[in-house]
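Residue-level structural notes
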Amino acid sequence: MAAGYLDILRARHAARLLTGTLVGRLPNGTAHIAIVLFIRAEGGSYTLAGLLTAVYGLATAVGQPLLGRAVDLYGQPRVQLPAAVVSALGMALLALTGPGSLPVACAAVVVAGLFTPPLEGGLRALWPSVLGGEERVHRAYAMDAVAQEVMFTLGPLLVTLLVSLWSPAAALLVINAVGVLGALSVVLSEPSRAWRSAPREAHWLGALRSPGLLALLGSFFFVGLALGSITVAGVAYADDHGRESVYGWLMSALGLGALIGGAVYGARQWAGAPERRLRFIVALLAVGYLPLTLTPGVVPMTALAALAGVFLAPAVACSFIVVDRHAPRGTVTEAFSWLVTTFGVGAAVGAAAAGPAVELGGTRWSFAVTGASGVAALLVLLATKKVLAVPGHTAVAARGSENDRNGTVEPGFSSGHQA
C-alpha cells in the first residue's frame, strides 16, 4: 500500500504540488473555527460568529466555480496567486477591524471567501500531466482524498495552537499568510506554469452543460448534506452523554475511518467503469450511515462512526475520475470546483437541517437526516444511470491534457469503452 503512494510522491513535482495545495487550502479548511474563535475573543456573540461563518461559506461556494472557469481560460498563475492574496487581505481586514462594524466584517469575509483560490480543482487538473499513467492518476486521486482528511484533522489543531501561543487575530493572519505561500509554491512550479486548458466551446453554462456532471453534483449534494448533519448530530449525542469529549471521539473516528478507507482504496488497481463502482461505493456509504440512528453507548457509537467514515474518501476519490470523464473539454478546473461548491453547500444545508431535527425528535432524528441523505445520494446515481454512461464516441485526448477523459480513466477503459 505504502509503496504505491511513495511511487506517486517520488514523481517529479508531485510532492511539491500536493504539499503546496494542502498548505494553500489551510485558510479555507480552518476558516470556520478561526472566525468563531476570533469573534468570540473580540466579544461578539455566537450568532454573529455563525453569521460571518455562513457568509464566508456562501461566498466561497459562489467564488470557486467562477475562479475555476477563470483558471481554465487564463491559466493557473494568473488566477490562483492573485486570488490567494486578495482572500488573505480580506481576512486581514477582519482581523484588524474586528466585529465592531457589521458591514465591514461581512465585506471582509465576503472578499476572503469569494477569492479563495480553486487550488483543489487546479491540482486535479495537473495530475495527468505530472503522472501520466492511468493507474498512477487514479492512485493520486485517492491520495488527494486522504490528504484532505489529514488537513481537516490537523488544520483546526494548528489554529488552536496559534490562538494559545498568540491570539485569535494572529491565528487569522498567520494561517492566511501561510496559505499565500502555499499557493505561491504551486503556481511557481513548472507544471502549473506550463499547464493550459484544452480548447473549449464558448457556452455560458460552462461545465454545467454536461448532464453527467449535473447528475454527479446532485448526488454529492446529498453526500455533503449527510456529512454536515453528522457534525450537528454528534454535538447532540455528546450532550446526551454529558461529555463534550465524546464529540471529539466521534469526529476523530469518522476521520480515521475515512483515512483507512481512502488508503486501502488507492492501494489497488480497479477495473471497470468508475460510474458503476461509484454507485456501489455510495451504496456502502449509505448503509454505513444508517446504523448511526441506533445511537448506542459511546464505545459502539464510536465504532459505528469509524465504519460510517470508511467509504467517504473512496467515494470522493472515485468522483474525481467521474468528474474528469464528464467535464466538457476545456472546463476541468471549473468542473472540479463545482464539485467542491456542491459538497460544501450540501454540508451547510445538512447542518441547518439537523438542528431542527434534534429539537423535534431528539438525537436519533438528527442522525436520521444523515441516513436519509446517504440513501438520497444513492437514489440520484441510480436514477441517472443512463446519463452517467460515458458516450462511446468520446475521442481520445492527447496524453497529459488537462481534460483527457481517457488519460485519467482507470484500467479496463479505452476511448470510453470497456475493454
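The structure presented is a predicted model; accordingly, all values stated were derived computationally and were not measured.

Turning next to the nonpolar core. In terms of nonpolar packing, the biggest core is built from 104 residues, with I35, L94, W127, L131 and Y289 touching the most fellow members. Among the elements that line this core, the one with the most residues is helix α11 (residues 211-240), at twelve residues. If we skip the residues at most four places from it in the chain, I35 touches A49, L52, T53, Y56, M91, L94 and V109. Formed by five residues, the second largest nonpolar core is a distinct cluster that contains A88, L119, V180 and A183.

Model confidence for the chain is summarised by a mean pLDDT of 83, while 89% of its residues fall at 70 or above. Within the model, pLDDT remains below 50 along residues 391-419, and this stretch shows 81 contacts once partners closer than five positions in the same chain are excluded.

Here the focus is the packing of α11 against helix α16 (residues 332-361). Axis separation between α11 and α16 bottoms out at 6 Å; the angle between their running directions is 40 degrees. Viewed along their axes, α11 and α16 adopt a mutual orientation that is oblique. For the crossing formed where α11 meets α16, the hand is right-handed. Partitioned by chemical class, the residues of the contact of α11 with α16 number 19 nonpolar, eight polar and no charged.

Within the secondary structure, F152 is located in helix α8 (residues 134-165). In this structure, the C-alpha to C-alpha distance between F152 and L22, residues 130 residues apart in sequence, is 9.8 Å.

Scanning the model with the defined rule gives four salt bridges in all. A salt bridge links E334 to R69; its shortest N-O distance comes to 3.1 Å. Placement of E334 in helix α16 and of R69 in helix α4 (residues 46-74) is noted, with a sequence separation of 265 residues between them.

This part takes up helix α7 (residues 119-131). With 13 residues, α7 should cover 18 Å at 1.5 Å per step; its first-to-last C-alpha distance of 18 Å lies within 8% of that length. Of all bends in α7, the biggest is about 30 degrees, found at A125, and the proline P128 comes one to four residues later. Burial analysis of α7 places twelve of its 13 residues in the buried class, which makes it a mostly covered element. Regarding α7, the residues found buried are L119, E120, G121, G122, L123, R124, A125, L126, W127, P128, V130 and L131. One or two residues past the end of α7 sits G132, with phi positive at roughly 80 degrees.

Positive phi outside glycine occurs at H13, with the angle close to 80 degrees. Turning to its location among the elements, H13 is positioned in the loop between α1 (2-10) and α2 (14-24).

What follows covers the packing of aromatic side chains. Scanning the entire structure with this criterion turns up three aromatic pairs. Each ring, one from F221 and one from F222, has its centre 5.2 Å from the other, and the planes form 80 degrees; the classification is edge-to-face. Here Y265 and W270 contribute two aromatic rings whose centre-to-centre distance is 5.2 Å and whose plane-to-plane angle is 20 degrees, an arrangement assigned as stacked. Classification of Y265 by relative accessible area gives buried; the value is 4%.

Helix length check: helix α6 (residues 102-114) (13 residues) gives 18 Å between terminal C-alpha atoms against 18 Å at 1.5 Å per residue, within 8%. Buried residues of α6: A105, C106, A108, V109, A112 and G113, and no others. Along α6, the residues classed as buried sweep out an arc of 160 degrees about the axis, all on the same side.

Another aspect to go through is a nonpolar patch on the surface. Taken together, L58, V62, L66, V110, V111, L114 and F115 make up a surface patch of nonpolar side chains, about 540 Å² in accessible area. Of all the elements in the fold, those that place two or more residues in the nonpolar patch are α4 and α6. Looking at the element boundaries, V111 is found in helix α6. Taking the relative accessible area as the measure of exposure, V111 reaches 30% and is therefore partly exposed.

Cut-offs used in this document
Residues numbered from 1 in each chain as written. Predicted model: local features only at pLDDT ≥ 70, side-chain atom pairs only at ≥ 80, totals over all residues. Heavy atoms only, no water. Core = buried A, V, L, I, M, F, W, Y, C linked by side-chain atoms within 4.5 Å. Buried < 20%, exposed > 50% of the residue type's maximum accessible area, 1.4 Å probe, protein only. Helix = DSSP H or I, 4+ residues; strand = E, 2+ residues; numbered from the N terminus. Contact = heavy atoms within 4.5 Å. pLDDT = per-residue confidence, 0-100. Axes fitted to C-alpha atoms, helices over the stretch in contact; angles between N-to-C directions. Parallel < 35°, antiparallel > 145°, perpendicular 65-115°, else oblique. Left-handed = near helix turned anticlockwise from the far one by under 90°. Nonpolar A, V, L, I, M, F, W, Y, C, P; charged D, E, K, R; others polar. Salt bridge = Lys/Arg side-chain N within 4 Å of Asp/Glu carboxyl O. Expected span 1.5 Å × (residues − 1). Bend = angle between axes of the 7 residues up to and from the residue. Phe/Tyr/Trp six-rings, centres within 6.5 Å; stacked < 30°, edge-to-face > 60°. Arc of directions from axis to C-beta. Patch = residues over 30% accessible without salt bridge, like charges linked within 9 Å, V, L, I, M, F, W, Y side chains within 5 Å. Areas by Shrake-Rupley, 256 points an atom, 1.4 Å probe, with all protein chains shown as cover.

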